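# Descriptive structure summary
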Amino acid sequence: MIETELFAAGQGGYRRYRIPALVAVNSGTILAFCEGRRHTGRDDDEIDILLRRSHDGGSSWEEPVVVVSDGDRTCGNPCPVVERDSGDVLLPFCVDNQRVFVTRSRDDGVTWESPAELTAGVKAEGHTYLGTGPGHGIQLRSGRLLIPSWADLSPAPATWRDPPPNWGQVQLSFAIFSDDGGHSWDAGAPMEVDASDECGAVELEDGSLYMNMRSRGRRRQRASARSSDGGATWSPVEFHPELPEPSCQGSIASLDASHILLCHPSSTEARALLTVRLSSDGGHTWPAARVLCPGAAAYSDLTVVEGGILCAYEKDEHERLVVARFTRDWIAPA
């Protein structure tokens, strides 16, 4: 396993870098996104979305560039997805966790189009906050682009930086999707209220979807749900004591047609013990696992590249954002 630092707190004019998201584009270039939090490092800080690009499998990276910035607004929850036919990279994101936008790159992340707003099509009545991912989206074999998402049902605040007292206490997971290459978007049905929130998805061999999610209610175990209609509806949320967590975002990716990768903190007491797991039965069991970081580690994202696997993750109490490269054999030796 080889680890490379992407961002460090206090550098580049930002107090803290958080919320990694990874995609590998058709050319083989890898894009690593994150939030640059300017002053306090909190979720309601003034936040930009930054990007670094790699052309050698994640060994070296171009200097950071700002992809999304809107003055003192909170621009976050990057959830990129690659449209395989055109090669376009679409980057859904949120402004103040109340409005949803998407920007597009047609040149592997070098330049980006003006963001288009999606809010009216994907935010349901009563959803006072909404978040995309965070992590990455997926494209189904049907061509559908799918972005795992979450929403909050707290009373509407006066402003994003003046949230209601019960902010974060009533949330749910769902998906938004596009069937026309990312030009128009719809939202699927929500899952059970207060069972889960931040989430990631993969498509299985049979065409069904598996969603793995951060659980709620102090359950201290990962949640999951399945869809047989492309994310329009989901099965009841299930909880998995064999996947312990402290309540934190996790990441998921398809390794190949029959294997799924999952990464999440596995301590129930703190955001630590970041563990990578491997399933060969569609997420029903996870017999292979290895600890990537035994110390403090939180949000992550996974992507599969030629010859290996990349995991970008928050390390050392959010002081560093790093990317680790390893192989399947590192998780489960032959």
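Heads up: these notes are all about the structure in this document. (Residues numbered from 1 in each chain as written. Predicted model: local features only at pLDDT ≥ 70, side-chain atom pairs only at ≥ 80, totals over all residues. Heavy atoms only, no water.)

## Considering the overall build of the chain
Helix and strand counts for the chain stand at 2 helices and 25 strands. Its C-alpha atoms give the chain a radius of gyration of 18 Å, near enough to 20 Å, the size a compact globule of 334 residues would have. For the chain, restricting intrachain contacts to residue pairs at least 6 apart in sequence, the fraction spanning at least 24 positions comes to 50%. Surface exposure of the chain reaches about 12800 Å², of which carbon and sulfur atoms provide 48%. Charge separation in the chain, taken as the distance between the mean sites of 31 positive and 48 negative side-chain charges, equals 4 Å. (Helix = DSSP H or I, 4+ residues; strand = E, 2+ residues; numbered from the N terminus. Rg over C-alpha atoms; globule rule 2.2 N^0.38 Å. Contact = heavy atoms within 4.5 Å. Areas by Shrake-Rupley, 256 points an atom, 1.4 Å probe, with all protein chains shown as cover. Lys, Arg positive; Asp, Glu negative; His and termini not counted. Charge placed at Lys NZ, Arg CZ, Asp CG, Glu CD.)

## Things to note about the sheet that holds strand E3 (residues 30-37)
The strand order across the open sheet formed by 4 strands is E2-E3-E4-E5, and the pairing between neighbours is antiparallel. The open sheet has two edge strands, strand E2 (16-24) and strand E5 (65-68), and neither has a second partner. Averaged over all adjacent pairs, the angle separating strand axes in this sheet is 35°, with direction ignored. For strand E4 (residues 47-54) and E5, the ladder comprises 3 bridges, and the chain directions are antiparallel. Looking at E5, one finds that Leu 51 is bridged to Val 65. (Pairing = 2+ DSSP bridges. Axes fitted to C-alpha atoms, helices over the stretch in contact; angles between N-to-C directions.)

## Thoughts on the pattern of salt bridges
For the structure shown, the criterion picks out 23 salt bridges. Two residues, Glu 35 and Arg 37, come together in a salt bridge whose shortest N-O distance is 2.8 Å. Take Arg 37: its relative accessible area is 3%, and that puts it in the buried class. Here Arg 320 makes a salt bridge to Asp 316, at a shortest N to O gap of 3.2 Å. You can call Arg 320 partly exposed: its relative accessible area is 23%. The partly exposed category is assigned to Asp 316, whose relative accessible area is 35%. Each of Asp 194, Asp 197, Glu 198, Arg 214 and Arg 216 takes part in salt bridges that share partners, so that together they form one network. (Salt bridge = Lys/Arg side-chain N within 4 Å of Asp/Glu carboxyl O. Buried < 20%, exposed > 50% of the residue type's maximum accessible area, 1.4 Å probe, protein only.)

## Some points on the environment of Leu 51
Secondary-structure assignment places Leu 51 in strand E4. Overall, the relative accessible area of 1% leaves Leu 51 in the buried class. Contacts of Leu 51, omitting those with residues within four sequence positions, involve Leu 31, Ala 32, Phe 33, Glu 63, Pro 64, Val 65, Val 67, Gly 109 and Trp 112.

## Here's the deal with unusual backbone geometry
Most of the time, phi is negative for any residue but glycine, and the peptide bond is trans. Of note, the bond from Gly 133 into Pro 134 is cis; its omega dihedral lies within 30 degrees of zero at -5°. Positive phi, normally seen in glycine, also occurs at Ile 19, with a value near 60°. Counting through the fold element by element, Ile 19 comes out in strand E2.

## Section: the side chain of Thr 275
Mapped onto the secondary structure, Thr 275 falls in strand E22 (residues 272-279). Among the polar contacts made by the side chain of Thr 275, one reaches the side chain of Ser 266 at a distance of 3.1 Å. Excluding anything up to four places from it in sequence, Thr 275 contacts Leu 262, Cys 263, His 264, Ser 266, Ala 289, Arg 290, Val 291 and Leu 292. (Polar contact = N/O pair within 3.5 Å; in protein donor to acceptor, adjacent residues only side chain to side chain.)

## Topic: the pairing of strand E9 (residues 99-105)
Along E9, 6 of the 7 residues are buried, which leaves the element largely enclosed by surrounding structure. The antiparallel pairing of strand E8 (residues 89-95) with E9 creates a hairpin that spans 3 residues between the two strands, and Asp 96 there sits at a positive phi of about 60°. Where E9 meets strand E10 (residues 116-117), 2 bridges bridge the pair, whose relative direction is antiparallel. In the sheet register, Phe 101 faces E10, and the bridge partner there is Glu 117.

## Focus on the side chain of His 127
In this fold, His 127 is placed in the loop between helix H1 (119-122) and strand E11 (129-132). His 127 gets classed as buried once you look at its relative accessible area, which sits at 11%. Sequence-distant contacts of His 127, defined by excluding residues within four places in its chain, comprise Ala 151, Asp 152, Leu 153 and Leu 172.

## Focus: the environment of Ala 288
Relative to the helices and strands, Ala 288 is located in strand E23 (residues 288-305). As for Ala 288 and Ile 309, which are separated by 21 residues in sequence, their C-alpha atoms are 15 Å apart. Ignoring sequence-local partners within four residues, the contact set of Ala 288 consists of Val 276, Arg 277, Leu 278, Ile 331 and Ala 332.

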